[in-house]
Amino acid sequence: MERSKRLGIFVFFDKEGIVEDYVTYLLNDLRQNLDRLVIVCNGFVTDDGVQRLKSFSTEVYHHENRGFDAAAYKFALNKIGWKTLHEYDELLLCNDTFYGPFWPFRETFEQMANQPALDFWGLTVHAKSTAGGWQESRYGYLPEHLQSFFLVTRARMLHSPHFKEFWDEIPEETENVHDTIENFEVRFTHFFSNKGYSWAPLADTRQLDYRGNMTPINQNVYNCAELIEKFHCPIIKRRAFTDDIQETTTDNGNPARAIEYIRMHSSYDVTLIYRHLLRLENITRLKKNFVWDFVLPEEHLNPDFEKYQLPKALIVMHLYYPELVETCIQYVQDLPASVDVMITTSNPRVKELVALQKQTFPCNFLGVESAPARGRDVAAFLVTARERMKQYKYVCFTHDKRTSSGMQFYTIGESFRRLIMDNVIASGNYVENVLRTFESNPCLGVLAPPPPYMGRYFNSFGTGWQNDFEETVKLADKLHLKCKLEEKLPPYVFGTSLWFRTEAMLPLLNHPFSERDFPQEPLPADGTVSHAIERIFPYVAQSQGYYSGWVMTEKYAELYVEQLSRMLGGFAGEWNQNFPPMDGYTETLLLYKKFVRHTAGERSPDGIVWGAKETFLTWDKDLIRAATLAEKHDENLLYTIGFKAAWDVFLLSLTVWAEKHSIFRVKRELGKFKARQKMPSVAQTWWLVRKTFLIWTKKPFSKHM
């Protein structure tokens, strides 16, 4: 079959103007299927980026990013000329918001050529939906439509007056991406199908969306693995790795499953995806979606790693407690010959005890180095062992641990020690498996144990940053890190027990830390540079272009899953006892309204309460509308229209009530939220609501609803 004469328009945008390797890979394949390629750069592009793009086309244009990809397409069409379009059989509109192709686009074009009756087609389709705020659109719902990141138009439609008519109505400037989706992406399919033109997607997922009364989803984002596995879709959208997928799938490994399938069934280099996302996204969000969790055997070598050579590595163990020396040294009795061991301590007695046992070390023991008297294990890491660590490709730092005085049972501290040591140096075979895991994952920078959730440690690590966010941001600035820290997305590595690729830690290892940089004893519970360092490892690695994950032995993973299951079961029971059932955010809003009506009805001499009532009445219409939308599961629009309104009213009325009754504990909690000058999460809101009512009634507030 003779190939159609095909024109392509490719729209590129990057907020830093960098043309990544995933873009050049995409263009290299795409160019082989086109007779002419026009590239439009929406916004700034570096000089190097321009040259990279020009290697694929002599027609590279710059366009101010005022109307997203739709305006850029229109700009290119005007540049090309409408009469010139008649010289081509097909027009491809394509942008850079996806990765691939995992299989040649040639196969895709050949497959769709088997449907010659089609006038236009795309890779994926979004099903018809009444959710997501589309009641306010020109249609009153979201029509089913081809998604616009990859659209092919054929001659009958391309040469028709309808095609120019459509583009003449596309605005050259839009305020937000939602308007672009409505005016271009959704309207494209709706407009031309109403004109009698036929269309179809490569991956027709409508059969999945129209089962029963379920709400259709964006299959590109929330079901990317099935798109690739079942429908042989050659691409994956960037949003699949950056959106929060927890609300739409119980398989939180969906993007991870897609990556594994690509590894197994394609020659595509997935590091192209990693490199791009690590430059732009928050590492915690990426970790959740990529599921960077490594469960490794400790009693045998993983056969998948046999082809990888065992590299030279260093284990640095910081010991402080004399009674734990013998226990800790047992961990390094069975190490591979390529692994060296160094011990640091600030306790002279520990140094004596290690000297008595050094003859038992089968590996290359480098001796005991004295660590600073202040800074604990962090100072030993970044002052004592710093220069030695830079001589190795891979390093493990770990330390002993004993129960603190605040813990009720000694077994809690013992469990913490086993967590941080068993999961990094459980055995010689385990250490080999860790090292070969690094070798088989070139973008892997850090492997650390998961957070300790036993006993009171859960209250510390389960809440994320504690009071260490600002200190961590200061440290990141001092190290000149290129990463994206967000207070709402807490770190997932805590402490200094970890394996790392030395190159991934160079910003930290090259910084001239000294003993004076660390706080004196007694060490505060949080808010110091030591606490910031314990949380910054994934961000340092990200700045260097590496990701970080959790590592566990198979035995510990079994215990960890059981522990989390038990804890979540307990939380679910407590939640059901203390909170009313929620349907979306509806019950939250109704709670706000009920409380506001109660407080606003109380008279106040200074008129403050009446101000709250007046404010409530101003917002009341939106609140009722928002609650109605919530009942229809329209949570996105609810959040943008109703939740902020509800929160403003609730916060104001609660402040009035606290002022009137002099409830200083409530005022203090409100002050914390006010100081942040931003919206709290749903979890934070419920926490504040519950705490307020407990203070108010001294009883579970669900009984007072």
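Here the structure is shown first, and the text comes after it.
Being a predicted model, the structure only gives us computed values, none of them experimental.

Our focus in this paragraph is the packing of helix α6 (residues 161–168) against helix α7 (residues 177–194). Two numbers describe how α6 lies on α7: the axes approach to 11 Å, and their chain directions differ by 155°. Taken together, the axes of α6 and α7 lie roughly antiparallel to each other. Our pair here, α6 against α7, has a crossing hand that is right-handed. Across the interface between the two elements, His162, Phe163, Glu165, Phe166 and Trp167 of α6 pack against Asn183, Phe184, Arg187, Phe188, Phe191 and Phe192 of α7. Here the contact of α6 with α7 is built from residues that sort into 7 nonpolar, 2 polar and 2 charged.

We now examine the packing of aromatic side chains. Scanning all chains against the criterion turns up 45 aromatic pairs. Among the aromatic residues, those joined into a ring-pair cluster are Tyr73, Trp82, Phe120, Phe163, Phe166, Trp167, Phe184, Phe188, Phe191, Phe192, Tyr197 and Trp199. Taking NZ or CZ as reference, Lys5 lies 5.1 Å from the ring centre of Tyr88, over its face.

The subject of this paragraph is the sheet that holds strand β18 (residues 547–553). With mixed pairing, 8 strands are arranged side by side in an open sheet as β11-β18-β16-β17-β15-β12-β13-β14. Single-partner strands in this sheet number two, and they are β11 (293–296) and β14 (364–370). Ignoring strand direction, the axes of neighbouring strands in this sheet form an average angle of 20°. Of the pairings in the sheet, the one linking β11 to β18 comprises 4 bridges and is parallel in character. The residue bridging Val295 from the neighbouring strand is Met552, located in β18. Lying on the sheet, helix α24 (residues 529–543) is in contact with β16 (444–448), β17 (498–501) and β18; it crosses β18 at an angle near 130°.

In terms of residue burial, strand β15 (residues 394–399) counts as a mostly covered element, since 6 of its 6 residues are buried. A two-sided burial pattern is seen for β15, the buried positions comprising Tyr394, Cys396 and Thr398 on one face and Val395, Phe397 and His399 on the other. Relative to β15, strand β12 (residues 313–318) runs parallel, the two sharing 6 bridges. By the bridge assignment, Ala313 is partnered in β15 with Tyr394. Of the strand pairs in this sheet, β15 and β17 are connected by 4 bridges, and their pairing is antiparallel. The partner of Val395 across the bridge, within β17, is Phe500.

Conventions used here
Residues numbered from 1 in each chain as written. Predicted model: local features only at pLDDT ≥ 70, side-chain atom pairs only at ≥ 80, totals over all residues. Heavy atoms only, no water. Axes fitted to C-alpha atoms, helices over the stretch in contact; angles between N-to-C directions. Helix = DSSP H or I, 4+ residues; strand = E, 2+ residues; numbered from the N terminus. Parallel < 35°, antiparallel > 145°, perpendicular 65-115°, else oblique. Left-handed = near helix turned anticlockwise from the far one by under 90°. Contact = heavy atoms within 4.5 Å. Nonpolar A, V, L, I, M, F, W, Y, C, P; charged D, E, K, R; others polar. Phe/Tyr/Trp six-rings, centres within 6.5 Å; stacked < 30°, edge-to-face > 60°. Lys NZ or Arg CZ within 6 Å of the ring centre and 35° of its normal. Pairing = 2+ DSSP bridges. Buried < 20%, exposed > 50% of the residue type's maximum accessible area, 1.4 Å probe, protein only.

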